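Examining the three-dimensional arrangement
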Amino acid sequence: MNWRNYRDLTIWMVAVVAIIGNAAVSHFNIDRMARLEQATLHARSVQLELTEILSDLKDAETGQRGYLLAGKDEYLQPYLKAEQSHAEHLNQARQLLAGDDVAEGRLAGVERLIEQKFAEMRDILAAYRTGGREAAVKLMTGGTGKQSMDELRAVVHEMLDAQEHTLDDRTRTASNNLYLARATGLIGAGIAVAVVLLATSLVQKELNRRLKANNELRESEGRFRNLAEAMPQIVWVTRPDGYHEYYNQRWYDFTGLTREQSLGWGWSTPLHRDDRERSQIRWKRSTDGGESYEIKYRFRRHDGEYRWFLGRAEPVRDARGAVVRWLGTCTDIDEQVRTAQSLQENEAYLRSVLDNSPDCVKILDNTGKMLDMNGPGLASMEIDDFGTVRGCPWPTLWPESLAAQVDNAIRVAVNGQVNRFSGACPTAKGTPKHWDVIVAPIPDSRGKVQKLVSVSRDVTEQKAIENALRESQRYVESVLHSLPNRLAVLEADGQIVTVNEAWKQYGEANGLPADFEWAGRNYFELTSDDEAGTQTAAGIQLVADGQTDRFQMDYPAPKGGLERYFHMRVNRFRGEGPLRLVVTHENITERVLADHRIQESASQLRQLTEGLPLLVWSCTAEGKCDYLSLQWVKYTGIGAEEQLGFEWLNALHPDDREAVAGAWRGAVEAQAEYEVEYRLRRSDGHYRWFAVRGIPVFDARGTVVRWYGSCTDIDDRKREAVTLEQLVAKRTTELTAAYEDLQETSALLKNSNEELEKFAYIASHDLQEPLRKIQAFGDRIAKKYADAIDETGQDYLARMLDSAGRMRRLIEDLLQFSRVSTKSAPHRPVSLNTIVQEVLSDLEMQIQRTHGHVQTGPLPTVLADVVQMRQVFQNLIGNALKFTRPQTPPVVTIDSQPTESGWRISVRDQGIGFEPEYADRIFELFQRLHGRKEFEGTGLGLAICKKIVNRHGATIYAESVPHEGTRFIIDWPTNPEGETSAPSPASTR
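Being a predicted model, the structure only gives us computed values, none of them experimental.

Helices and strands together make up the secondary structure of the protein, namely 27 helices and 29 strands. Here the analysis covers contacts within the protein between residues at least 6 apart in sequence; of these, 55% occur between residues at least 24 apart.

Put into structure tokens, the structure is as follows:
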């Protein structure tokens, strides 16, 4: 090998080594740049996942607000989707940040804030479902939702900024590596000059080819720009990385931006702020993945108005499939979007109207098949799922008897007319209902009927009211015709509207034909000319003229030598129609004649009482004094005429007058016996005590007709009582001084009380034996010697037996009261459900007799004396069935509910009730709020209940409203052994 060859070989070897070294350095730089690019993609991925997390939270808040505003479950879909997807994004971010302790700590804080935010949103939704929108709004405004969201955004943006700083550092490192690669390339290029010179011809050919290609590309770009400028859309071109390098003129005309303001990422400046973030994220996803780009967003016009655009872009790829350009357009779709929004709003408004309509609204096609139904309609028809009837022919839901009528309504509506009908049709669950239905056409834009609307109104209650009114009218007519008194309804001018059967019979008895037509006749023309007829006509005229609302009078009407008396009443009646008068005539002949006989008897009684040492008096049924005996007049020194009516009260001591007047009024109103004590002024001005007793006298119908009473001088007894009270007071003082001694004997006193209770039990038991003999011999006298005893004696005997019966019941109640302490059994678990059912079985006859209804709920099992608990419920339920309002069947409800300390058991009725101030008094011995003639009893039942309940460590009290009912409440404490609620269901009897 010569020197030249050796030199050339050496040069080529050096060149090869240099090229290999240069290639190694270039490979190192390229590998490092690849790692930097991978790290950059990793940082971008972290930013994308964090942005998706924020987007999920915004979607969740949007879904929650939509649900709170609209109240519909479909608005919760974004919330539910975000609740699921945010966990995936958190997990993805956690994997990407693995190994970065600082970033992992921040991500843990983000996760905690996200869970806190979702927990608060779940609480708000729960508050809305349970308490409504006000509760939800209150929780939102009072919560920390905005604070936690702001804190979350701050942490996420802090992490995004950290990733952005990382990207900047890696970009600078990549730039340095690029400079190094360029230097290495220059060196390699210098070394490879020789090689390049060898390939000059090839390079020249390649340059010529590329020059030709560039010329063709410039021509193509020119044609593209001309085409882009001619298009009605906004056209733009970007580099592969998304950098915008071209816009057609329409962009600048629309936005008013300059070219410098628009290039690069300036396109996002006029974007609506609500669309900016998602647009950038979507654009980055397309440029990173090379996938087609499509989005709807709003751009700000040069005058400040925002308009909707549809943005689309497709990648331009080279022969190897690499993206070299992005071609995009923005098409103005503002009109379409706003039209769609308007349609959605109109549809939502229409749906709101339908869902708030109380009627059942259905949309049908022109063949009668159901397409849609509003929510209230589904509820009124009791349809749980409309899908079960969608597409179903509407006539098939109606009974066969109305199917033809429904088909006809559909045909009429299809022909463009409105049809209306009504009929009965049960709901999907069989509930009978009556409907008022309107079927109308829904024409399209060409006027052709494509759909029908049917509006069905539930008139079941209205039909029931109409039927009830008709039934009530028949009932009233039946009652009117069954009344024994004559009754007529007149117009204001006296024209007769109708009369009852008694009126017609009276007319026949007075010579009128049986078919006499009363309606339309004038009452005044048919009235007799005698004094009674003139007075009754004048009274009717007074009411007709409005001088008084009612008029009544008694008048004689003798016939055939017989005495007859009538009582006439006239009342005004004004309903929705004209004024009418109701005239009734009651035959009071028997009552008037009885009054005459009573007056004669009273005269005889007065003659008898004048010889008695008592002060005797009598009063009318209204309580006005009409007679004072001679002894009263002599005692008071005041004439009888001056003390009649209520003037006798002036002779009473001023301190007694008000109480005595109230007691007298109460006795008269209650028609009960009157017993008081008061001081009466003597003729010399001295006051003496008298015991006063008054007895009402009833007629055959049970109505009080008079009062008779007497006053017995008890002044000496009263003075002795005062002396006794003084002695008691003195003794009380002595007992107070000896209080310490009594403490030592308290144990003995307790034993004494127990002995007294036993004695009361034994004494009450022994008292029953003589009572049995009294009742037995009394019954024998009543049966065997009834004919030998006059009416007065029989009355005495009846009173004696009645008193003995009351005494026996009193003794039995006393025995029962005593047994509470003396005959108690050990406590054991007792099912109150079983006790109540046994009591109801015992009271079954009383429940049937009173037409009562007893409803029981689940009751607990308690530790108690089973016999005494049966006594408690026997008394409480028996009282509820006894103390009822007239003509009102008793309704009794027994239930229980747990409390913090045990159970609260209640027995509630709808009876007569009582005033609240008597709530404690009714549990005392022998306390009664009503007379024995109203309600039988001894006044011990509730005292026994209280003693039994207190003995078991529980309490009993009552709540009541007059004329509405009473509720007895037992607060039963939980025993240490524990109690369990009875599992048996509620029952009724």
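It is worth spelling out the nonpolar core at this point. Core analysis: the biggest nonpolar cluster contains 39 residues, and Phe-873, Leu-876, Ile-877, Ile-894, Ile-970 and Trp-972 have the highest contact counts within it. Sorting the residues of this core by element identifies helix H24 (832-842), strand S23 (860-864), helix H26 (866-882), strand S24 (891-898), strand S25 (902-909), helix H27 (941-951), strand S26 (955-961) and strand S27 (965-973) as the ones contributing at least two each. With eight residues, H26 is the largest single contributor of residues to this core. Setting aside anything within four residues of it in sequence, one finds Leu-876 in contact with Val-907, Leu-942, Cys-945, Ile-956, Phe-968 and Ile-970. Counting residues in hydrophobic clusters, the runner-up holds 32 residues, among them Leu-54, Leu-97, Leu-125 and Val-156.

Since the α-helix packs 3.6 residues into each turn, any two residues three or four apart lie on the same face. Across its 17 residues, helix H9 (residues 273-289) extends 25 Å between first and last C-alpha, which sits within 8% of the 24 Å expected from 1.5 Å per residue. Every buried residue of H9 is accounted for by Asp-275, Ser-279, Ile-281, Trp-283, Ser-286 and Thr-287. Gly-290, located one to two residues past H9, shows a positive phi value of around 70°.

On the basis of which strands lie adjacent, the open sheet formed by five strands has the order S17-S16-S20-S19-S18 and antiparallel pairing. Each end of this open sheet is capped by a strand with a single partner; those strands are strand S17 (625-628) and strand S18 (674-681). Across the sheet, the mean angle separating the axes of adjacent strands is 25° when strand polarity is ignored. Bridge analysis of strand S19 (residues 687-698) against strand S20 (residues 704-713) gives nine bridges, and the strand direction is antiparallel. Following the sheet pairing, Ile-695 is matched in S20 by Tyr-708. Lying over the sheet, helix H19 (residues 654-670) contacts strand S16 (615-620), S18, S19 and S20, oriented at roughly 150° with respect to S18. Each of S18, S19 and S20 is contacted by helix H20 (residues 715-737), which is oriented at about 120° to S19, the strand it contacts most.

Let us now look at a negative patch on the surface. On the surface, Glu-501, Glu-508, Asp-515 and Glu-517 cluster together into a patch of negative charge. Position of Glu-508 among the secondary structure elements: in helix H14 (residues 501-509).

In this section: the pairing of strand S11 (residues 486-491). Burial analysis of S11 places five of its six residues in the buried class, the great majority of the element. Note that S11 and strand S15 (residues 580-587) share six bridges and pair antiparallel. Residue pairing for S15: Val-489 is matched across the bridge by Val-582. Two elements, S11 and strand S12 (residues 496-499), share three bridges in a ladder whose sense is antiparallel. In the strand pairing of S12, Leu-490 is matched with Ile-496. Between S11 and S12, which pair antiparallel in sequence order, lie four residues; one of them, Gly-494, sits at a positive phi of approximately 95°.

With that settled, the discussion passes to helix H2 (residues 77-96). Taking 1.5 Å of rise per residue, the 20 residues of H2 would be expected to cover 28 Å, and the 29 Å separating its terminal C-alpha atoms lies within 8% of that figure. Listed in full, the buried residues belonging to H2 are Tyr-79, Ala-82, Ser-85, His-86, His-89, Leu-90, Ala-93 and Leu-96.

Quick look at the packing of H24 against H26 now. Relative to each other, H24 and H26 sit at 55°, their axes nearing to 9 Å. The angle between H24 and H26 places the two elements in the oblique class. The crossing of H24 and H26 is right-handed. Contacts between H24 and H26 involve Leu-832, Ile-835, Val-836, Glu-838, Val-839, Leu-840 and Asp-842 from the former and Val-866, Met-869, Arg-870, Phe-873, Gln-874 and Ile-877 from the latter. Each residue belonging to the contact of H24 with H26 can be placed in one class, and the counts come to nine nonpolar, one polar and three charged.

Further remarks concern the packing of aromatic side chains. Enumeration according to the criterion identifies 23 aromatic pairs in this entry. Plain terms: the ring middles of Trp-236 and Trp-283 are 5.5 Å apart, the flat faces sit at 85° to each other, and that makes the pair edge-to-face. In this pair, Trp-236 is assigned in strand S1 (residues 234-238) and Trp-283 in helix H9, connecting sequence segments 47 residues apart. Each of the two residues, Trp-236 as well as Trp-283, counts as buried. Centroid distance Tyr-247 to Trp-251: 4.7 Å. Interplanar angle 20°. Geometry classified as stacked.

Ordered by their spatial adjacency, five strands build an open sheet running S12-S11-S15-S14-S13, and the pairing between neighbours is antiparallel. Edge positions in the sheet fall to S12 and strand S13 (550-556), since each of these pairs with one other strand and no more. Taking each pair of neighbouring strands and ignoring which way they run, the sheet shows an average axis angle of 20°. Of the strands in this sheet, S11, S13, strand S14 (565-573) and S15 touch helix H16 (residues 531-544), which is tilted by about 175° from S13.

Its identity as a non-glycine residue notwithstanding, Glu-382 has a phi of 55°, on the positive side. The residue Glu-382 is located in the loop between helix H11 (375-380) and helix H12 (400-414) in this model. Given a relative accessible area of 24%, Glu-382 falls into the partly exposed group. A positive phi is found at Gln-671, a non-glycine position, where the angle reads about 55°.

Tallied over the full model, the rule gives 35 salt bridges. Between Lys-718 and Glu-677 there is a salt bridge whose closest N-O contact spans 3.0 Å. Of the two residues, Lys-718 is situated in helix H20 and Glu-677 in strand S18; the sequence distance between them amounts to 41 residues. Note that Asp-715 and Arg-688 form a salt bridge whose closest N and O atoms lie 3.4 Å from each other. Separated by 27 residues along the polypeptide, Asp-715 in helix H20 and Arg-688 in strand S19 bring together distant segments of the chain. Per residue, the accessibility class of Asp-715 equals that of Arg-688, and both read buried. Salt bridges linked by common partners bring Arg-301, Asp-303, Glu-305, Arg-307, Asp-332, Asp-334 and Arg-338 together as one network.

Considering the arrangement of structural elements, one finds Thr-40 in helix H1 (residues 3-70). For Thr-40, a relative accessible area of 24% corresponds to the partly exposed category. Each C-alpha atom of the pair Thr-40 and Asp-168 lies 9.3 Å from the other, and the pair is 128 residues apart in sequence.

A cluster of nonpolar side chains, contributed by Leu-724, Leu-727 and Val-728, occupies part of the molecular surface with about 280 Å² of accessible area. You can see Leu-724 is positioned in helix H20.

What follows concerns the side chain of Asp-656. With respect to the helices, strands and loops of the structure, Asp-656 is situated in helix H19. Setting aside residues up to four positions removed in sequence, Asp-656 forms contacts with Tyr-678, Arg-679 and Trp-689.

This paragraph deals with the packing of H26 against H27. Two numbers describe how H26 lies on H27: the axes approach to 9 Å, and their chain directions differ by 145°. Like other packed secondary-structure pairs, H26 and H27 cross with a definite hand, here left-handed. Only Gly-941, Leu-942, Ile-944, Cys-945, Ile-948, Val-949 and Arg-951 of H27 make contact with H26, whose side of the interface consists of Gln-868, Gln-871, Val-872, Asn-875, Leu-876 and Asn-879. Residue composition of the contact of H26 with H27, grouped by class: seven nonpolar, five polar and one charged.

Attention now goes to the side chain of Thr-427. Here Thr-427 shows up in the loop between strand S8 (419-424) and strand S9 (434-443). When sequence neighbours within four positions are dropped, the list of residues in contact with Thr-427 reads Ser-380, Met-381, Glu-382 and Lys-433.

Scoring rules and cut-offs
Residues numbered from 1 in each chain as written. Predicted model: local features only at pLDDT ≥ 70, side-chain atom pairs only at ≥ 80, totals over all residues. Heavy atoms only, no water. Helix = DSSP H or I, 4+ residues; strand = E, 2+ residues; numbered from the N terminus. Contact = heavy atoms within 4.5 Å. Core = buried A, V, L, I, M, F, W, Y, C linked by side-chain atoms within 4.5 Å. Buried < 20%, exposed > 50% of the residue type's maximum accessible area, 1.4 Å probe, protein only. Expected span 1.5 Å × (residues − 1). Pairing = 2+ DSSP bridges. Axes fitted to C-alpha atoms, helices over the stretch in contact; angles between N-to-C directions. Patch = residues over 30% accessible without salt bridge, like charges linked within 9 Å, V, L, I, M, F, W, Y side chains within 5 Å. Areas by Shrake-Rupley, 256 points an atom, 1.4 Å probe, with all protein chains shown as cover. Salt bridge = Lys/Arg side-chain N within 4 Å of Asp/Glu carboxyl O. Lys, Arg positive; Asp, Glu negative; His and termini not counted. Charge placed at Lys NZ, Arg CZ, Asp CG, Glu CD. Parallel < 35°, antiparallel > 145°, perpendicular 65-115°, else oblique. Left-handed = near helix turned anticlockwise from the far one by under 90°. Nonpolar A, V, L, I, M, F, W, Y, C, P; charged D, E, K, R; others polar. Phe/Tyr/Trp six-rings, centres within 6.5 Å; stacked < 30°, edge-to-face > 60°.

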